[in-house]
Amino acid sequence: MKFSRRTFLKASGAAGCSLAAYAALPEKFLLWAEEQGMLKASYVPTFCEICFWKCGAVAKVLNGRVVKLEGNPAHPGARGKLCARGNAGAGLLYDPNRLKTPLIRTGARGEQKYRKATWDEALDLIASKMKHIKSEFGPESVALFTHGTPTDHFLPLLSAYGSPNVGMPSFAQCRGPRDVGLELTFGEGIGSPERVDLTRSKVLVLFGSHLGENMHNSQVQDFADALAMGTKLIVVDPRFSIAAGKAHSWLPIRPATDLALMLAWIHVIIKEQLYDKAYLDAYANGFTELAAAVADCTPEWAAHETDLSAESIVETARLLGHNAPNVCLHPGRHATWYGDDVQRSRAIGILAALLGSWGREGGYFLATRTSLPKPESKPFPEPAKAPLNLGNFPFAGAEGVTQEIRRATISGTPYPIKGWIVTGTNLMKAMPNQKETIEAINKLDLLVVVDVMPTDTAMMADVILPECSYLERHDALAVGKGRSLSISLRQPVVQPLYDSKPGWWIAKQIANRLDLADYFPWQNLEEKIQAQCALWGVNYQELKKVGTITIPNSANPYITAEAPAEFKTGSGKIELYSKELKEKGFDPVPRYTRHPVPRQGEFRLVYGRSPVHTFSRTANNPELHELYPENEVWINSGKAKDLGVINGEYVVLVNQDGVRSNRIKAKVTQRIRTDCVYVVHGFGAASKSLSRAFAKGADDQGMITRYAVDPICGSTGMHVNFVRVEKEGVHA
Amino acid sequence: MPKYAMVVDQRRCVACMACVVACKKENEVPPGQFRTRVVEQVEGEFPKLRMELRSELCNHCDNPPCVYNCPTGASYKSPDGMVLLKKNRCVGCKACVASCPYDARYINEEKGFADKCTFCSQRIAEGKQPACVSTCIGKSRIFGDLEDPASAVSAALRDNHHDVLLASAGTNPRVFYIKKFGKPE
Amino acid sequence: MEITVTGVNALVSPHLHVWDWRVSLYLFLGGLSAGLAVMTSVLHVRKGGALATGERAASTAGLLVPFILSIGMLFIFLDLERKLNVFWFYLTVQPLSPMSWGSWGLLVFYPVSILYALAAFPEERRPQLRLPVLIRLSEWLSAWRLQLAAANFGMGIFIGVYTGVLLSSFVARPLWNSAILPILFLTSALSAGAAFMIMIADQKKVKLFFTKVDIWLILAEMVMLPLFFYGQYTSSGAHRDSIMPFFTLSHDYFWYGLGLLLLVVIFPIAVVLKFLEVREDHGDELTGQELMRMNLSALMVLLGGLIIRLSFVYAGQLSRLS
């Protein structure tokens with residue numbers, strides 16, 4: 001994947017002469033010319049794709065170049081602001097390491113050797129392989145791994161082709177257990193953006209969530225407002241996070257014991273009758289069973305498990321109770337920790353129910369009831385074989401369980417999987433146990449990766465298709481469901497650079513070649529969007545100008561006498577005791593089980609986020625790379641002293657299975673417990689084509705060789721690995 | 001004549017770095033250089049810790065050492081209170097960089113002049129807020145006119161205890177901090 | 001305390017890096033030329049000009065002043081990031097900027113030192129000037145010899161002080177921010193000028209005269225240096241911290257400790273040597289050994305001056321208010 005300057009020029013020449021003219025004018029000159037009034041900037045609204053929050057953004061364009069991005073004031077997720085990553089969006093657009101042309105693998109898988117190809121050649125190759133798989137194994141043998149907006153183009157392609165096997169890491173590697181737990185309790189999830197009513201909370205609890213470092217634009221705006229208002233913050237985290245630094249109570253809990261704390265809180269709240277009796281009588285089921293189940297979960301018992309003091313447990317439980325119902329126990333987002341994560345989410349839900357905060361001010365507000373009609377489309381064919389992406393998990397979500405597809409790919413049962421299409425996700429960094437991922441990939445006849453950047457996963461592909469960045473393409477309309485309904489448009493801010501193409505075009509081209517053109521009955525996506533706008537009564541021209549149109553709320557966000565609550569559970573009530581779980585053989589009330597603890601000399605590896613990076617997606621972005629170029633391993637000062645590790649020195653992590661990490665800087669700190677180490681996820685890229693990110697920092701996913709599968713929904717708990725910290729070069 | 005100032009409400013800051021990137025993009029700051037930064041300061045021993053988050057920038061001092069020490073008059077204090085630079089006059093002697101107690105200046109690697117925060121004077125001229133303020137996720141940065149009693153900065157300074165950085169340096173900064181350590185009383 | 005800063009400039013972090021050996025050399029050579037200017041004025045005026053009679057340095061020292069100054073200015077010019085804008089120094093007067101005074105001062109010092117060198121050029125050596133116009137100028141200027149000597153003396157003091165004020169005006173850098181610094185730099189400049197005079201003079205009486213002068217100057221420096229450190233130590237925390245590089249024996253501060261150690265050794269030895277020279281009963285002609293000792297002590301003084309400039313320029317950048 002090395003391009004000489006000459007080939008680069010050729011490639012950019014192909015993108016059009018006008019583009020070459022822009023490129024010749026340096027940005028400085030453009031800015032100067034603007035200052036002198038020779039040029040006028042144009043402002044184009046779109047929405048961001050650096051993370052999943054999909055903030056409305058307005059791009060300032062000077063002579064065909066994006067010089068600045070700002071939040072769209074009309075967008076509810078942005079409110080005129082963008083985070084560091086959103087501000088750095090043009091860094092993706094102008095990253096010289098971007099995928100520029102279709103590439104076809106020439107070396108062995110993983111050798112990272114490719115040749116350039118034309119779109120026709122690459123698409124024909126994909127179509128012929130897909131046809132071959134369909135005829136030999138059936139269409140179900142092609143799976144799709146996807147995340148974000150590309151899903152809107154490639155999932156219809158997969159369905160039209162005839163396969164049900166989609167896997168989104170956002171379920172089994174992220175939000176899955178949280179949503180399932182809340183659905184089992186309240187009949188619905190918390191949504192995204194989460195419907196947490198932070199600005200009215202009197203008490204806010206964060207379990208392991210480091211909001212702030214976890215940069216979710218509008219939610220962090222609310223968080224800051226809450227802090228300024230004097231909301232009491234309880235942070236349960238083995239690490240003194242930024243949020244913990246703001247907290248009224250920081251509970252530095254022993255990792256993997258959160259459920260014990262929650263059960264003790266339930267115990268205290270019931271024992272001291274701090275719960276909302278009227279609310280429970282009206283809306284909840286199973287209080288007696290719950291009370292019986294937590295009878296033994298005393299604060300003293302929990303103190304022993306959690307390494308917190310019984311007093312602090314009681315004190316915080318009372319704080320919650322006394323401020324009910326205006327308390328918010330944030331259910332978090334990335335919830336795949338220990339393999340009993342649905343039950344932990346259930347415990348949060350039960351606490352919320354006891355305190356009466358679901359559907360109440362300062363707790364969780366209710367989504368708008370406004371809905372939009374579904375556009376008519378040709379029905380997809382019914383797959384002949386049962387989907388295998390749900391495994392044997394009774395509560396697996398429609399997003400699919402990624403590692404079930406991987407497992408079937410390796411074993412060939414219940415039927416073989418021969419082709420993977422990967423869009424918008426870097427599987428190598430998203431899924432635990434990379435060895436299994438590589439083993440599965442080696443069984444494939446076809447691996448297609450559609451991405452903007454040459455990610456680690458792209459560098460395993462047979463065919464790489466260069467998608468243009470979010471600033472160069474149309475995508476499906478984004479519909480946000482919060483207090484009100486918002487419709488946002490993604491539209492090209494500039495023309496695609498190089499030989500990159502929008503995702504919709506790629507999907508449509510593949511469909512055409514598979515004789516599935518009927519499913520994509522439009523010339524270009526804009527035509528489809530326009531039709532959709534017409535159906536929804538939205539003025540498309542207006543939308544193009546403002547970026548986001550909000551349909552005002554039609555339902556009450558809070559439960560009132562006039563608008564009593566409805567719960568879509570089996571019983572129509574909040575399930576403190578879950579019959580559904582009982583029927584499937586699971587604990588109807590969450591029960592604490594003790595998890596393994598690190599042995600002498602080992603630390604539990606926990607990971608999280610930096611506010612300037614999204615997954616592994618932004619590690620190569622010039623503006624973000626310079627703020628946080630490589631991750632560090634946080635290690636307790638006392639432990640570091642014992643190991644002779646000094647702050648800033650490079651160390652190596654070695655996990656329980658002997659896997660060694662890339663070298664990583666030690667952050668020796670008082671800010672973490674002695675029994676765990678912490679890293680920011682998404683570093684240590686293996687792709688040599690990422691000139692900035694390659695081999696910078698350690699890849700936490702490489703250390704996660706073990707994972708604890710939640711039997712309820714199939715999600716993979718990934719905070720279950722133990723590492724030793726070695727000085728660099730000791731056992732090299 | 002307005003009297004521009006900034007207030008940083010540290011209680012609201014979550015060290016998300018949006019300001020840092022927005023500033024760089026707005027002002028075309030070269031790679032590796034910055035006009036604003038975020039300081040994360042933690043004191044104490046586990047588990048008794050406290051944290052201060054502080055975003056720092058040019059203080060646009062009313063008594064600016066960088067202006068006094070500029071031999072060519074390139075650095076100047078504008079009537080509305082901003083400390084600015086006439087780029088074409090700067091010889092790059094670095095006296096201003098050395099004289100700033102806040103380390104707010106740098107030599108622009110691409111152009112050689114002594115660069116710094118301008119409160120985004122170009123945006124203010126257009127009636128916008130400085131880029132860092134406009135994008136500040138926590139609304140921690142507040143910008144406005146001290147002469148206007150109704151402005152957000154005036155209100156914030158009226159309602160809160162506030163501080164300036166290195167008050168003893170006698171520089172009379174125009175950037176004020178509403179400070180509070182991690183543990184509220 | 002754990003501090004993480006995101007978004008720092010290498011020029012100011014972890015400490016200031018704006019000036020290096022170029023500025024140190026400029027300060028040293030500027031100081032040397034200023035000291036030499038003062039000493040040439042003294043040479044010609046002292047004892048009604050008797051010292052200058054038949055003295056080689058009477059012609060060379062004056063000419064060396066602008067020459068050494070030029071080399072020093074070359075170094076400061078090299079340090080400027082936007083050299084083409086240098087003319088702006090002379091399109092403005094900035095009353096609070098020492099660098100502005102300095103650039104205007106240098107503009108005066110240059111012609112004064114040249115004119116004085118010509119005015120004081122001994123009559124019998126004027127043919128050495130070669131160019132008839134210079135010879136005529138020298139003849140014409142000799143009438144103004146005393147006035148020019150006063151001006152040259154004054155400008156020498158001004159420039160000597162200026163090299164210190166340049167650093168001492170920064171509230172941000174506590175090591176520099178001391179009123180003793182300009183006086184210390186001036187004394188060091190004068191002492192270097194005297195030492196240089198000793199080296200270029202060819203007559204015993206001149207050498208011994210400047211040796212006596214230098215003894216006083218070195219003694220003054222030996223008083224001022226401890227006073228400087230004492231003053232810093234008893235001032236604010238930032239001032240106290242600022243001198244720590246000189247007194248912290250560690251790997252990081254090796255050169256500062258060594259610099260101070262050298263100063264502590266050099267100045268007393270130089271003074272002792274000079275005392276011996278002054279008290280010795282010399283013959284009519286100085287022997288080779290005596291000459292070598294004199295040059296050695298003079299060199300030590302120059303070296304001390306250089307060490308002061310280097311260590312103060314660098315150590316000052318380590319110091320900060322916060």
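Residues numbered from 1 in each chain as written. Chains lettered and ligands numbered in written order. Predicted model: local features only at pLDDT ≥ 70, side-chain atom pairs only at ≥ 80, totals over all residues. Heavy atoms only, no water.

### Considerations on the interface of chain B and chain C
When the parts of a complex come together, some accessible area is lost, and that lost area is often used as the size of the interface. Taken residue by residue, the interface counts 43 residues in chain B and 38 residues in chain C. Buried area between chain B and chain C, both sides added, is near 3,500 Å², and the carbon and sulfur share of it is 58%. Interface area lost by chain B to chain C is led by Val91, Lys94 and Asp103 of chain B, which between them contribute 17%. Scanning the region where chain B abuts chain C turns up four salt bridges. Here Lys94 of chain B ties to Asp79 of chain C by a salt bridge, and the two come within 3.2 Å at their closest N and O atoms. Within the residue set of the side of chain B that touches chain C, elements represented by two or more residues are β2 (37–45), α2 (65–68), α3 (95–99) and β6 (106–107) of chain B. Broken down by element, the side of chain B that touches chain C gets its largest block of residues, seven residues, from β2 of chain B. Class assignment for the residues of the side of chain B that touches chain C results in 23 nonpolar, eleven polar and nine charged. Sheet topology note: the β2 of chain B/strand β1 (residues 2–6) of chain C ladder contains five bridges and is antiparallel. Paired with Val42 of chain B across the strands is Glu2 of chain C, a residue of β1 of chain C. (Contact = heavy atoms within 4.5 Å. Buried area = accessible area lost by both parts, 1.4 Å probe. Salt bridge = Lys/Arg side-chain N within 4 Å of Asp/Glu carboxyl O. Helix = DSSP H or I, 4+ residues; strand = E, 2+ residues; numbered from the N terminus. Nonpolar A, V, L, I, M, F, W, Y, C, P; charged D, E, K, R; others polar. Pairing = 2+ DSSP bridges.)

### Quick word on the UniProt feature "domain: 4Fe-4S Mo/W bis-MGD-type" (unreviewed entry) in chain A
Those places that UniProt annotates as "domain: 4Fe-4S Mo/W bis-MGD-type" (unreviewed entry) correspond, in this numbering, to residues 41–97 of chain A. In residues 41–97 of chain A, helix accounts for 16% and strand for 35%; the two terminal C-alpha atoms are 27 Å from one another. (UniProt positions renumbered as here; feature names shortened; annotations may be inferred.)

### Brief notes about helix α7 (residues 151–161) of chain A
Helical periodicity: at 3.6 residues per turn, an α-helix aligns residues three or four positions apart in one direction. Residue and element names in this part refer to chain A. Most of α7 is tucked away: eight of the eleven residues are buried. Residues of α7 that are buried: Thr151, His153, Phe154, Leu157, Leu158, Ser159, Ala160 and Tyr161. Where α7 terminates, the next one or two residues include Gly162, which has phi positive at roughly 115°. (Buried < 20%, exposed > 50% of the residue type's maximum accessible area, 1.4 Å probe, protein only.)

### Thoughts on the packing of helix α3 (residues 98–119) of chain C against helix α4 (residues 132–141) of chain C
Residue and element names in this part refer to chain C. Contact pair α3 / α4: the axes reach a minimum separation of 7 Å and the direction vectors enclose 85°. Looking at the two axes, α3 sits roughly perpendicular to α4. Residues Leu115, Leu118 and Ala119 of α3 touch α4, and the partners they reach there are Leu134, Leu137, Ser138 and Leu141. Residue composition of the contact of α3 with α4, grouped by class: six nonpolar, one polar and no charged. (Axes fitted to C-alpha atoms, helices over the stretch in contact; angles between N-to-C directions. Parallel < 35°, antiparallel > 145°, perpendicular 65-115°, else oblique.)

### Looking at the UniProt feature "transmembrane region" (unreviewed entry) in chain C
Residues and elements named next belong to chain C. Using the residue numbers shown here, the UniProt feature "transmembrane region" (unreviewed entry) corresponds to residues 23–45, 57–78, 98–121, 142–167, 179–201, 213–233, 253–276 and 296–316. Counting secondary structure, residues 142–167 comes out at 88% helix and 0% strand; the distance between its end C-alpha atoms is 37 Å. The straight-line gap between the two end C-alpha atoms of residues 253–276 is 35 Å; of that span, 96% is helix and 0% is strand.

### A few points about the nonpolar core
Core analysis: the largest hydrophobic core is formed by 155 residues, its most contacted members being Phe223, Trp265 and Leu329 of chain A together with Phe119 of chain B. The greatest single-element share of this core, amounting to eleven residues, is contributed by helix α11 (residues 258–271) of chain A. The contact partners of Trp265 of chain A, leaving out residues within four places of it in the chain, are Val205, Phe207, Ile234, Val236, Leu251, Ile313, Thr316, Ala317, Leu320, Leu329 and Leu351 of chain A. With 99 residues, the next largest nonpolar core counts Tyr26, Met39, Leu184 and Ala195 of chain C among its residues. (Core = buried A, V, L, I, M, F, W, Y, C linked by side-chain atoms within 4.5 Å.)

### So, the interface of chain A and chain B
With 44 residues of chain A in contact, the opposing surface of chain B contributes 43 residues. Between chain A and chain B, the buried area comes to about 3,600 Å², and carbon and sulfur atoms account for 57% of it. Viewed at the interface, chain B and chain A are joined by seven salt bridges. As a salt-bridge pair, Asp225 of chain A and Lys139 of chain B come within 3.0 Å of each other at their nearest N and O atoms. Across the contact surface, chain A and chain B share 15 residue pairs in polar contact (both at pLDDT 80 or more). For the side of chain A that touches chain B, the secondary-structure elements that each account for two or more residues are α3 (27–35), β3 (65–71), α4 (84–87), α9 (217–229), α10 (242–245) and α24 (622–625) of chain A. Considering each element in turn, the side of chain A that touches chain B owes the most residues, eight residues, to α9 of chain A. Of the residues assigned to the side of chain A that touches chain B, the class counts are 24 nonpolar, nine polar and eleven charged. (Polar contact = N/O pair within 3.5 Å; in protein donor to acceptor, adjacent residues only side chain to side chain.)

### Quick look at the environment of Arg490 of chain A
All names here are of chain A. Within the secondary structure, Arg490 is located in strand β17 (residues 485–490). Along the chain, Arg490 and Ala478 lie twelve residues apart, while their C-alpha atoms are 7.9 Å from each other. Each residue touching Arg490, except ones within four places of it in the same chain, is listed here: Thr46, Phe47, Cys48, Glu49, Thr149, Tyr470, Arg473, His474 and Asp475.

### Things to note about the packing of helix α1 (residues 21–45) of chain C against helix α7 (residues 204–233) of chain C
Residue and element names in this part refer to chain C. Running from N to C, α1 and α7 cross one another at 130°; their axes reach a closest spacing of 12 Å. In terms of orientation, α1 and α7 fall into the oblique class. In this structure, α1 meets α7 at a crossing whose hand is right-handed. Within the contact between the two elements, α1 uses Met39, Val42 and Leu43 and α7 uses Val206, Phe209, Phe210, Val213 and Leu217. Of the residues contributing to the contact of α1 with α7, the split by class is eight nonpolar, no polar and no charged. (Left-handed = near helix turned anticlockwise from the far one by under 90°.)

### Re a nonpolar patch on the surface
Residue and element names in this part refer to chain C. A surface patch of nonpolar side chains, amounting to about 410 Å² of accessible area, comprises Leu115, Leu137, Trp140 and Trp144. Looking at the secondary structure, you find Leu115 in helix α3. By relative accessible area, which is 31% here, Leu115 ends up partly exposed. (Patch = residues over 30% accessible without salt bridge, like charges linked within 9 Å, V, L, I, M, F, W, Y side chains within 5 Å. Areas by Shrake-Rupley, 256 points an atom, 1.4 Å probe, with all protein chains shown as cover.)

### Some words on the sheet that holds strand β8 (residues 141–145) of chain B
Residues and elements named next belong to chain B. The three strands are arranged β8-β1-β9 in an open sheet whose pairing can be described as mixed. Two strands lie at the open edges of the sheet, namely β8 and β9 (175–178), each paired on one side alone. The sheet shows a mean angle of 25° between the axes of neighbouring strands, direction not considered. Alignment of strand β1 (residues 4–9) against β8, held across five bridges, turns out to be antiparallel. Within the sheet, the bridge partner assigned to Val8 lies in β8 and is Arg141. Running at roughly 110° to β8, helix α6 (residues 152–159) makes contact with β1, β8 and β9 of the sheet.

### Section: the sheet that holds strand β9 (residues 232–236) of chain A
Residue and element names in this part refer to chain A. Spatial ordering of the open sheet is given by β10-β9-β8-β12, a layout of four strands whose pairing is parallel. With one partner strand each, in any of the chains shown, β10 (249–251) and β12 (327–330) form the two edges of the open sheet. On average, each strand axis in the sheet is inclined to that of its neighbour by 10°, with strand direction left out of account. Relative to β12, strand β8 (residues 203–207) runs parallel, the two being bridged by four bridges. Opposite Leu204, over in β12, you have Cys328 as the bridge partner.

### Re the confidence of the model for chain A
Model confidence for chain A is summarised by a mean pLDDT of 94, while 95% of its residues fall at 70 or above. Here residues 1–23 of chain A is a poorly scored stretch, pLDDT under 50, and it has 21 contacts once near neighbours within four places are set aside; other chains count. (pLDDT = per-residue confidence, 0-100.)

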